[in-house]
Amino acid sequence: AMDSLNMLAYYAKYRSLDEASDYVDEVLDGHATSTYRDGLHEALLNKGDVYGMRMDYDSAQVCYQQVLEESNNDLICSMADVDMMSVCLMLSMSKEFYDYRSDAQERMANVEEECEDMTEHQKVVWNGVQTEYHFVSMNYFIKMRQDEGVKEEYDWLETHQDLFANDSTKQS
């Protein structure tokens, strides 16, 4: 139930932040005592995304940091790292951007080794983490006028279009 509510929140945030918030609250309030911590942490990431989309970056960071402090799941933490990269991009925090980017790269390398054992839900999350990582990196390099970085990220995204071909949130 938590995974499907988290997916509903993930897709809803591109349509309606209020709707996404309702799904997130349903997970966080309705399952607060659950032993399925990954589901609760994923809901916190979605909550942070809603804050970020409302440009409340302080509240977004609190959500992402809570996940980074509490979780030892590399998939979930790499998502939090990428979310923090996005906040750092918005707030022009270059040093921190690179710190989170480095952490994300390390965790993503670990996750890659466990790909074949993933559930369908985890695969969707993993695809999202990878594409988001490269989108945020590319936007950062554009902002910093680092053409080589822009080209690398663009080429990666071009080569891996299959990852977001099925992701309805990224389709125009």
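Up top you'll find the structure we're talking about.
A brief look at the structure comes next. Just so it is clear, the model here is predicted, and its values are computed rather than measured.

Here we look at helix H5 (residues 74–90)
Working step 1: Spanning 17 residues, H5 covers 24 Å between terminal C-alpha atoms, matching the ideal 24 Å at 1.5 Å per step.
Working step 2: Among the 17 residues that make up H5, 14 are buried, leaving the element largely enclosed by the rest of the structure.
Working step 3: The distance from a side-chain oxygen at the start of H5 to the backbone nitrogen of Leu75 is 2.8 Å, and the residue carrying that oxygen is Asn73.
Working step 4: Looking one or two residues beyond H5, the residue adopting positive phi is Ser92, at roughly 55 degrees.

A few points about the pattern of salt bridges
Working step 1: Under the defined criterion, the tally for this structure stands at nine salt bridges.
Working step 2: For Lys47, the salt bridge identified is with Asp25, shortest N-O distance 4.0 Å. Taken together, the positions of Lys47 in helix H3 (residues 37–53) and Asp25 in helix H2 (residues 17–30) put the pair 22 residues apart, joining distant regions of the chain.

A word on the packing of aromatic side chains
Working step 1: Scanning all chains against the criterion turns up six aromatic pairs.
Working step 2: Relative to Tyr14, the ring of Tyr10 has its centre 6.4 Å away and its plane inclined at 80 degrees; by these criteria the two rings are edge-to-face.
Working step 3: Judged by its relative accessible area of 40%, Tyr14 falls in the partly exposed class.
Working step 4: Residues Tyr98 and Tyr140 carry aromatic rings whose centres are separated by 5.4 Å and whose planes lie at 90 degrees to one another, so their mutual orientation is edge-to-face. Of this pair, Tyr98 sits in helix H6 (residues 94–112) while Tyr140 sits in helix H7 (residues 120–143), and the two are 42 residues apart along the sequence.
Working step 5: Joined through ring pairs, the aromatic side chains of Phe97, Tyr98, Tyr140 and Phe141 make up one cluster.

Some points on the nonpolar core
Working step 1: Formed by 49 residues in total, the largest nonpolar core has its most connected members in Leu45, Val82, Met85, Trp126 and Val129.
Working step 2: Those elements that place two or more of their residues in this core are helix H1 (2–12), H2, H3, helix H4 (57–70), H5, H6, H7 and helix H8 (147–159).
Working step 3: Apart from residues no more than four positions distant in its own chain, Val129 is found in contact with Leu75, Ser78, Met79, Val82 and Met108.

Considering the environment of Asp147
Working step 1: Mapping Asp147 onto the fold places it in helix H8.
Working step 2: Counting along the chain gives twelve residues from Asp147 to Phe135, while the straight-line C-alpha distance between them is 14 Å.

Definitions and cut-offs
By convention here, each chain's residues receive numbers from 1 onward along its written sequence. The model is predicted, so local features are restricted to residues of pLDDT at least 70 and side-chain atom pairs to those at 80 or more, both for listing and for counting; the totals for chains, interfaces and linings are taken over all residues. The basis for every side-chain value is the complete set of heavy atoms in the structure, and neither hydrogens nor water enter the calculation. Put simply, DSSP H or I for four residues or longer makes a helix, DSSP E for two residues or longer makes a strand, and each gets a number counted from the N terminus. To estimate the expected span of a helix, subtract one from its residue number and multiply by 1.5 Å. Burial status follows relative accessibility: with a 1.4 Å probe on protein chains alone, a residue under 20% of its type maximum counts as buried, one over 50% as exposed, and anything between as partly exposed. Under the rule applied, a polar contact is a pair of N or O atoms within 3.5 Å (in protein, one hydrogen donor and one hydrogen acceptor; residues adjacent in sequence only if both atoms are side-chain atoms). Throughout this description, the term salt bridge denotes a Lys or Arg side-chain nitrogen within 4 Å of a carboxyl oxygen of Asp or Glu. Side-chain rings of Phe, Tyr and Trp, where Trp is taken by its six-membered ring, are said to pair if the distance between their centres is within 6.5 Å; with planes under 30 degrees apart they count as stacked, over 60 as edge-to-face, and otherwise as tilted. In these notes, a set of buried Ala, Val, Leu, Ile, Met, Phe, Trp, Tyr and Cys residues joined through side-chain atoms within 4.5 Å is what counts as a nonpolar core. Contacts are assigned to residue pairs with any non-hydrogen atoms lying within 4.5 Å of each other.

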